[in-house]
Amino acid sequence: MKRFKKKIAVITGAAQGIGRRVAERMAEEGAKLVLVDRAEIVHELVDALGGDKKVLSLTADLEQFAECERVMAEAVAKFGRIDILVNNVGGTIWTKPLEHYQESEIEAEVRRSLFPTLWCCRAVLPHML
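## Describing the pattern of salt bridges
Logical step 1: Scanning the model with the defined rule gives 13 salt bridges in all.
Logical step 2: The shortest N-O distance in the salt bridge between Arg38 and Glu63 comes to 3.2 Å. Highlighted residues: Arg38 in the loop between strand E2 (32–37) and helix H2 (45–48) and Glu63 in the loop between strand E3 (55–59) and helix H3 (65–79), separated in sequence by 25 residues.
Logical step 3: Overall, Arg38 belongs to the partly exposed group, its relative accessible area being 46%.
Logical step 4: Close ionic contact of Lys96 with Glu105 constitutes a salt bridge, the shortest N to O distance being 3.0 Å.
Logical step 5: In this structure Lys96 comes out as partly exposed when scored by relative accessible area, which is 31%.
Logical step 6: Take Glu105: its relative accessible area is 13%, and that puts it in the buried class.
Logical step 7: The network of salt bridges with shared partners includes Arg3, Arg20, Arg21, Glu24, Arg25, Glu28 and Glu29.

## Considering the layout of surface pockets
Logical step 1: The volume enclosed by the largest pocket comes to roughly 330 Å³.
Logical step 2: Lining the largest pocket are 17 residues, with Gly13, Asp37, Arg38, Val89 and Gly90 sitting closest to its centre.
Logical step 3: Ranked by residue count, the leading element in the lining of the largest pocket is helix H1 (residues 17–28), at 3 residues.
Logical step 4: Estimates place the volume of the second largest pocket at around 180 Å³.
Logical step 5: What lines the second largest pocket is simply Lys2, Lys6, Lys7, Ile8, Ala27, Gly30, Ala31, Lys32, Leu49, Gly50, Lys54 and Arg81.
Logical step 6: Counted by class, the lining of the second largest pocket contains 4 nonpolar, 2 polar and 6 charged residues.

## A word on a positive patch on the surface
Logical step 1: Positive charge collects at one region of the surface, where Lys2, Lys5, Lys6, Lys32, Lys53, Lys54 and Lys78 lie side by side.
Logical step 2: Checked against the element boundaries, Lys78 lands in helix H3.

## As for the packing of helix H4 (residues 103–113) against helix H5 (residues 115–128)
Logical step 1: H5 packs onto H4 with a crossing angle of 35° between their chain directions and a minimal axis gap of 4 Å. For the pair H4 and H5, contact is made by Val110, Arg111, Arg112 and Ser113 and by Phe115, Pro116 and Thr117, respectively.
Logical step 2: The residue inventory of the contact of H4 with H5, partitioned by class, reads 3 nonpolar, 2 polar and 2 charged.

## Structural notes on the nonpolar core
Logical step 1: Ranked by internal contacts, the top residues of the largest apolar core, which has 18 residues, are Val10, Val34, Val36, Leu62, Val71 and Met72.
Logical step 2: When contributions to this core are tallied by element, the ones reaching two or more residues are strand E1 (8–12), E2, E3, H3 and H5.
Logical step 3: With sequence-adjacent residues up to four places away left out, Met72 is seen in contact with Val10, Ile82, Leu85, Cys120, Ala123, Val124 and His127.
Logical step 4: Ranked by size, the runner-up nonpolar core spans 16 residues in total, among them Ala15, Val42, Val46 and Val55.

## Let's talk about the packing of aromatic side chains
Logical step 1: According to the stated counting rule, one finds 3 aromatic pairs in the structure shown.
Logical step 2: Aromatic side chains Phe65 and Trp119 sit 5.4 Å apart centroid to centroid with 55° between the ring planes, which places their arrangement in the tilted category. Of this pair, Phe65 sits in helix H3 while Trp119 is found in helix H5, placing the two residues 54 residues apart along the sequence.
Logical step 3: Exposure remark for Phe65: the relative accessible area of 25% places this residue in the partly exposed category.
Logical step 4: When its relative accessible area of 28% is taken as the criterion, Trp119 is described as partly exposed.
Logical step 5: An angle of 85° between the planes, with centres 6.3 Å apart, marks the rings of Trp94 and Tyr101 as edge-to-face.
Logical step 6: On the basis of relative accessible area, Trp94 is assigned to the partly exposed category, the value being 30%.
Logical step 7: Since its relative accessible area comes to 13%, Tyr101 is described here as buried.

Each value, and the rule that gives it
- Residues numbered from 1 in each chain as written.
- Predicted model: local features only at pLDDT ≥ 70, side-chain atom pairs only at ≥ 80, totals over all residues.
- Heavy atoms only, no water.
- Salt bridge = Lys/Arg side-chain N within 4 Å of Asp/Glu carboxyl O.
- Helix = DSSP H or I, 4+ residues; strand = E, 2+ residues; numbered from the N terminus.
- Buried < 20%, exposed > 50% of the residue type's maximum accessible area, 1.4 Å probe, protein only.
- 1 Å grid on protein atoms, 1.4 Å probe; cavity = no way out; pocket = protein on both sides within 12 Å on 5 of 7 lines; lining within 4 Å.
- Points joined across faces, edges and corners; volume = space filled by probe spheres on them.
- Nonpolar A, V, L, I, M, F, W, Y, C, P; charged D, E, K, R; others polar.
- Patch = residues over 30% accessible without salt bridge, like charges linked within 9 Å, V, L, I, M, F, W, Y side chains within 5 Å.
- Areas by Shrake-Rupley, 256 points an atom, 1.4 Å probe, with all protein chains shown as cover.
- Lys, Arg positive; Asp, Glu negative; His and termini not counted.
- Charge placed at Lys NZ, Arg CZ, Asp CG, Glu CD.
- Axes fitted to C-alpha atoms, helices over the stretch in contact; angles between N-to-C directions.
- Contact = heavy atoms within 4.5 Å.
- Core = buried A, V, L, I, M, F, W, Y, C linked by side-chain atoms within 4.5 Å.
- Phe/Tyr/Trp six-rings, centres within 6.5 Å; stacked < 30°, edge-to-face > 60°.

Right, here's the structure in full:
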């Protein structure tokens, strides 16, 4: 199947795990990809998924709105548009029951798992509308 032929997809948290597998599958189905992660290993995926004509890899701290705006602008500069946003970044920092979390740890969890999704959705809207 080529469900994503002629589609431009931004995938956050793309360096490993679920994000990487989503990227691999979307590449198999014809998408051009913008792979975003805070880990430098995201750059290792470019050749494996089609080379620099089909894949743009970016490192970014998506907990910062300005970084999300930069990512979307670079995606549009490379491919001309964005059709799909996959908000995959996030996950727990500490694995323990909530009653053991300090206030600062809860705030860090929210910054890690909620804000990247909100900021990326907001940053991509002008390009998708």
